[in-house]
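Fold and geometry: a report
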Amino acid sequence: MVSSEYERRIADRFATFDQDGNGCIDREDFSGAAQALLTEFDVAARSDRGQALYGGAEAFWQGMAGIADRDGDQRISRAEFVTGAVKRLRDNPDRFAEIARPFLHAALAVADADGDGAVTVEEAARVLTVLGVPAATARPVAARLDADGDDRIGENDAVPAFARYFTVPE
Ligand code: CA
Ligand code: CA
């Protein structure tokens, strides 16, 4: 049984996906998030890292639409998200990680200023903030990703944590 508290949390996640706040999730929300990340980290859209991020954003959108856009209008309404995506992602959190991974992989590469294959807690918090995670939450969430305290967060830490944040209550 899905609790109302759980559904409220998922409604908050809907607001995060709806980056432009127009009441539905669509392709522009994903490409807009990619653009915002490139701006935040001063990476050119035409660069390899920029193109990888746009490609990951499109794959993320296609995956979410495949799960949740039940009427096929290329938009995920609040109702489609809450009744479709929530249940299916909760039943299969690995699926969410799979569809989000190319985008997250590219986002980490954009945020990884020194190119050593991992981001710092501060860089991870900036990514989360750009993606609409409330500032008060972004920093502690990022800090928790760095479980061993070496200030290096790799893809294998970030992807499951991101999936947990977006699919289950904290
Ligand atoms: Ca939107
Ligand atoms: Ca729809």
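Below: a short report on this structure. Given the structure is predicted, the values throughout are model-derived calculations rather than measurements. (Residues numbered from 1 in each chain as written. Chains lettered and ligands numbered in written order. Predicted model: local features only at pLDDT ≥ 70, side-chain atom pairs only at ≥ 80, totals over all residues. Heavy atoms only, no water.)

Another point: helix α7 (residues 135-145). For α7, the complete set of buried residues consists of A138, V141, A142 and L145. End-on view of α7: buried residues confined to an arc of 100 degrees, all on one side of the axis. Facing away from the buried surface of α7 by more than 90 degrees, the exposed residues are A136 and R144. (Buried < 20%, exposed > 50% of the residue type's maximum accessible area, 1.4 Å probe, protein only. Helix = DSSP H or I, 4+ residues; strand = E, 2+ residues; numbered from the N terminus. Arc of directions from axis to C-beta.)

What follows covers the coordination of the calcium ion (ligand 1). Protein coordination at the calcium ion (ligand 1): the donors are D18 (OD), D20 (OD), N22 (OD1), C24 (O), D29 (OD) and D29 (OD), at 2.2 to 2.6 Å from the metal. Around the calcium ion (ligand 1), the 6 donor atoms sit at angles spanning 52 to 157 degrees, and that spread fits a shape best called irregular. Mapping the donors of the calcium ion (ligand 1) onto the primary sequence yields the spacing D-x1-D-x1-N-x1-C-x4-D. (Donors = N, O, S within 2.8 Å, 3.2 Å for Na, K, Ca; no water. Tetrahedral: all angles 85-135°; square planar, octahedral: opposite > 155°, others 65-115°.)

Attention shifts here to the coordination of the calcium ion (ligand 2). For a metal bound by four donors in tetrahedral geometry, the ideal donor-metal-donor angle is 109.5 degrees, whereas six donors in octahedral geometry ideally sit at 90 or 180 degrees. Distances from the calcium ion (ligand 2) to its protein donors, D69 (OD), D71 (OD), D73 (OD), R75 (O), E80 (OE) and E80 (OE), fall within 2.2 to 2.6 Å. One can describe the site at the calcium ion (ligand 2) as irregular: its 6 donor atoms subtend angles covering 53 to 154 degrees at the metal. Donor residues for the calcium ion (ligand 2) sit on one chain with the sequence pattern D-x1-D-x1-D-x1-R-x4-E. The exposure class of D73 is partly exposed, given its relative accessible area of 32%. By relative accessible area, R75 is classed as partly exposed at 42%.

Any functional reading would require information beyond the geometric quantities listed.
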